[in-house]
Amino acid sequence: QQQQQQQLNPGPLFYKEAVLLPVAQYDPVKHACWSEGQVVPYAHLAHTLAACDSTTKRLAIADALTNMFRSLLALGGNQTSTVNDLVAALYLVTGRISPAYEHGGELNIGGSTVSSALGAVTGVSRTKMSEMYNKMGDIGDVAQACRRNQSMLRTPPPLTLQGVLSELRRMSVQTGSGAAQRRK
């Protein structure tokens, strides 16, 4: 298993595979996709969830989630940012954006809104997206496939864990005329 760890190369696949390592073999600093003092990238959570999605083994999923949180704790800057990163990760992993007792805990964004926003961003028609969805079965996979064919004039800044949660919370409280359009 030590050979398996040495064969991993840095990059998205590396982090996805590394997070699945047994807890005893995972180094929360070396295997993280950011360094101490940097803002926690959303990619850390995305790699972890992709790793969880790639296996049906419950113990491997538990290890992946444990390893993700260990990295958050090990590389946390100050106490406040570490707590905020942990809270953001907990909410996002559980599919929530706030406690159940708070108003606005639900995102209130349906598949139609996601599809039309994806179409507006990538230029892919609804018909093509529908075909892709029927083939792939997951809107996230469709988004990733659409994005592969898209060129960008400049690279956007990387998403952060707290930034994604903050934006989702902002979107959840949108109400009134045109709220669905603003959520796109």
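Here the structure is a predicted model, which means the values were calculated and not measured.

**Points about the overall build of the protein chain**
Then step 1. Counting its secondary structure elements, the protein chain contains ten helices and zero strands.
Then step 2. Counting from the amino terminus, the protein chain carries its helices and strands in the arrangement α-α-α-α-α-α-α-α-α-α.
Then step 3. Burial statistics for the protein chain: of 184 residues in total, 35% are counted as buried.
Then step 4. Of the contacts formed within the protein chain by residues at least 6 apart in sequence, a portion of 59% connects residues at least 24 apart.

**Thoughts on the environment of proline 22**
Then step 1. Turning to its location among the elements, proline 22 is positioned in the loop between helix 2 (12–19) and helix 3 (42–53).
Then step 2. Linking proline 22 and threonine 66, residues 44 residues apart in sequence, is a C-alpha distance of 9.5 Å.

**Examining the packing of aromatic side chains**
Aromatic ring pairs are described here by two measures, namely the spacing of the ring centres and the angle between the planes.
Then step 1. Enumeration according to the criterion identifies one aromatic pair in this entry.
Then step 2. Relative to tyrosine 15, the ring of phenylalanine 14 lies with its centre 5.1 Å away and its plane at 75°, an arrangement referred to as edge-to-face. Assigned by exposure class, phenylalanine 14 and tyrosine 15 land together as buried.

**Side note on the side chain of asparagine 67**
Then step 1. Structurally, asparagine 67 can be placed in helix 4 (residues 58–75).
Then step 2. By relative accessible area, asparagine 67 is classed as buried at 0%.
Then step 3. Among the polar contacts made by the side chain of asparagine 67, one reaches the main-chain carbonyl oxygen of leucine 21 at a distance of 2.9 Å.

**A short note on helix 4**
One turn of the α-helix equals 3.6 residues, which is why residues spaced by three or four share an orientation.
Then step 1. Between its first and last C-alpha atoms helix 4 spans 26 Å; for 18 residues at 1.5 Å apiece the expected length is 26 Å, and the two agree.
Then step 2. Every buried residue of helix 4 is listed here: Ala60, Ala64, Asn67, Met68, Phe69, Ser71, Leu72 and Leu75.

**Side note on the confidence of the model for the protein chain**
Fine structural detail should not be taken from predicted coordinates in areas where pLDDT scores are low.
Then step 1. Predicted confidence across the protein chain gives a mean pLDDT of 84, with 86% of residues reaching 70 or more.
Then step 2. Looking at the elements of the protein chain, mean pLDDT is at its lowest for helix 1 (residues 2–7), recorded as 46, and at its highest for helix 4, recorded as 96.

**Structural notes on the environment of leucine 168**
Then step 1. Summarising the element assignment, leucine 168 is placed in helix 9 (residues 161–172).
Then step 2. For leucine 168 and serine 98, which are 70 residues apart along the polypeptide, the C-alpha to C-alpha distance reads 10.0 Å.
Then step 3. When neighbours within four sequence positions are excluded, leucine 168 is seen to be in contact with Leu92, Ile97 and Leu107.

**Focus on the packing of helix 7 (residues 126–136) against helix 8 (residues 139–148)**
Then step 1. At a minimum axis separation of 9 Å, helix 7 and helix 8 run at an interaxial angle of 125°. In terms of orientation, helix 7 and helix 8 fall into the oblique class. The two elements helix 7 and helix 8 cross, and the hand of that crossing is right-handed. Along its contact with helix 7, which presents Met129, Met132, Tyr133 and Met136, the element helix 8 presents Ile139, Asp141, Val142, Ala145 and Cys146.
Then step 2. Grouping the constituent residues of the contact of helix 7 with helix 8 by class yields eight nonpolar, no polar and one charged.

Criteria and cut-off values
Residues numbered from 1 in each chain as written. Predicted model: local features only at pLDDT ≥ 70, side-chain atom pairs only at ≥ 80, totals over all residues. Heavy atoms only, no water. Helix = DSSP H or I, 4+ residues; strand = E, 2+ residues; numbered from the N terminus. Buried < 20%, exposed > 50% of the residue type's maximum accessible area, 1.4 Å probe, protein only. Contact = heavy atoms within 4.5 Å. Phe/Tyr/Trp six-rings, centres within 6.5 Å; stacked < 30°, edge-to-face > 60°. Polar contact = N/O pair within 3.5 Å; in protein donor to acceptor, adjacent residues only side chain to side chain. Expected span 1.5 Å × (residues − 1). pLDDT = per-residue confidence, 0-100. Axes fitted to C-alpha atoms, helices over the stretch in contact; angles between N-to-C directions. Parallel < 35°, antiparallel > 145°, perpendicular 65-115°, else oblique. Left-handed = near helix turned anticlockwise from the far one by under 90°. Nonpolar A, V, L, I, M, F, W, Y, C, P; charged D, E, K, R; others polar.

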